[in-house]
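Inside the fold
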Amino acid sequence: MESKKKLRAIAAFAICMICIIVWLLIKSKDESVITGPDTERHVRTEFLRPSVISLSPAFTESVYMLGAGSNLVGVTDSCKFPQEASSICSVGPAMRPDIKKILDLAPDYVIAGAGQETLCAELRKKNIKTLLCGSSSLDAICTAIWNIADIFGAYDKAEMWISNLDLSLKTINLRRNEIQTVPRVLVCVAREKKKVEKAFFSGPGLFYSDVISAAGGTNAYTGDIVCPELDKSKICEIDPDIIFDIIPGDENGFATEEIKTFYDQWSDLKIRKNGSERKIKIISGSWAAVPGPRVIRLLDSFADTILTQ
């Protein structure tokens, strides 16, 4: 019974996270734009400390990574990392933030994602500047982090993070020479049932697809749906070399014995058409579902599986 409750909680969290990601990314543009009442881009050369509201877990993590967590006066219900973020005033769910709460907090900036353009337009009418960020690719995540750093003048920390990402990408590129063919990969981002009958996977427009490519693979799903739902027969038809199963859970993921049960749920999909064994990799932890600073950890995790024959 306890196991069933945990699985239901996993499914509910995963579906919630994918709904948030799809809603934020389905209209996304791979650039960030700071807009104010005059819609001009303001470049800062001094280290400033304006008050900020973040409307995404990824942007909240970015603000903390840049050393400006004390400037956050509001976050969404989904912003749980780092732990300090949980104590900040919530303005509601990411998909439906409470504009009255935002106005009551009177921030200097609101950091928002694609799909929140209408909200930002309303805030600009109230003389609140907004920063619209994309997060559908590694380039978009880099741009978002740099433009968030621009709010605070925290360029040194942004440069350090980008350097770390570049180092991971260079290391992965060197390792690509070790593989003869490019593995075809599916990334499961949400599933509800205890046994894998149907699941949602990453298509174009979700950051996972770009991470697959950067890690040395290619997305086995070639359709145009951002988050397609595939049943077992369709998965077998696509016949990927590798399946990553993203199961967020809490920050630290799940215990070893629980992760084993997740592997067991893929048992009847482990054998490929040609009789060889398909790689299944469970990635557990809420960090794996957030397109923010810790995407480097996800990139390295993908590469370790994709580039190991």
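None of the values given here were measured: they were computed from a predicted structure.

**Side note on the overall build of the protein**
Along the protein, the regular secondary structure elements total 10 helices and 11 strands. When the 309 residues of the protein are sorted by exposure, 53% land in the buried category. Intrachain contacts of the protein at a sequence separation of at least 6 include 68% that bridge at least 24 residues. With an accessible surface of roughly 14300 Å², the protein has 52% of that area assigned to carbon and sulfur atoms.

**Points about the packing of aromatic side chains**
Scanning all chains against the criterion turns up four aromatic pairs. Geometrically, the ring pair formed by F244 and F302 is stacked, given 4.1 Å between the ring centres and 5° between the ring planes. With a gap of 58 residues between them, F244 in strand β10 (residues 242-247) and F302 in helix α10 (residues 295-306) connect regions that are remote in the sequence. Ring centres of F254 and F262 lie 5.4 Å apart, and the angle between their planes is 80°; on these two criteria the pair is classed as edge-to-face. Across the pair, exposure class does not vary: F254 and F262 are buried alike. If you follow R294 out to its NZ or CZ, it ends over the ring of F81, 3.6 Å from the centre. Between R297 and the ring centre of W287, over which it is positioned, the NZ or CZ distance is 3.9 Å.

**Some words on the nonpolar core**
Of all hydrophobic cores here, the largest spans 59 residues; its most connected members are I111, I148, V187, Y208, L298 and F302. Ranked by residue count, the leading element in this core is helix α5 (residues 138-152), at nine residues. Contact partners of Y208, with chain neighbours within four places excluded, come to V187, V189, S202, I246, A288, A289, L298 and F302. If you look at the next biggest cluster of nonpolar residues, it comprises 18 residues, including A220, I247, F254 and F262.

**Some points on the packing of helix α6 (residues 155-175) against α10**
Here α6 crosses α10 at 5°, and the two axes come no closer than 10 Å. On the basis of their axis angle, the class for α6 and α10 is roughly parallel. Between α6, through W161, N164, L165, S168, L169, I172 and R175, and α10, the contact on the second element is made entirely by V295, I296, L299, D300, A303 and D304. Across the contact of α6 with α10, the residue classes break down as eight nonpolar, two polar and three charged.

**Describing the packing of helix α2 (residues 57-65) against α5**
Following both chains from N to C, one finds α2 and α5 inclined at 50°, their axes separated by 10 Å at the closest point. Considering the angle they form, α2 stands oblique to α5. The hand of the α2/α5 crossing is right-handed. Along its contact with α2, which presents F59, S62, V63 and M65, the element α5 presents I145, I148 and F152. For the contact of α2 with α5, the residue count by class is six nonpolar, one polar and no charged.

Cut-offs and rules
Residues numbered from 1 in each chain as written. Predicted model: local features only at pLDDT ≥ 70, side-chain atom pairs only at ≥ 80, totals over all residues. Heavy atoms only, no water. Helix = DSSP H or I, 4+ residues; strand = E, 2+ residues; numbered from the N terminus. Buried < 20%, exposed > 50% of the residue type's maximum accessible area, 1.4 Å probe, protein only. Contact = heavy atoms within 4.5 Å. Areas by Shrake-Rupley, 256 points an atom, 1.4 Å probe, with all protein chains shown as cover. Phe/Tyr/Trp six-rings, centres within 6.5 Å; stacked < 30°, edge-to-face > 60°. Lys NZ or Arg CZ within 6 Å of the ring centre and 35° of its normal. Core = buried A, V, L, I, M, F, W, Y, C linked by side-chain atoms within 4.5 Å. Axes fitted to C-alpha atoms, helices over the stretch in contact; angles between N-to-C directions. Parallel < 35°, antiparallel > 145°, perpendicular 65-115°, else oblique. Nonpolar A, V, L, I, M, F, W, Y, C, P; charged D, E, K, R; others polar. Left-handed = near helix turned anticlockwise from the far one by under 90°.

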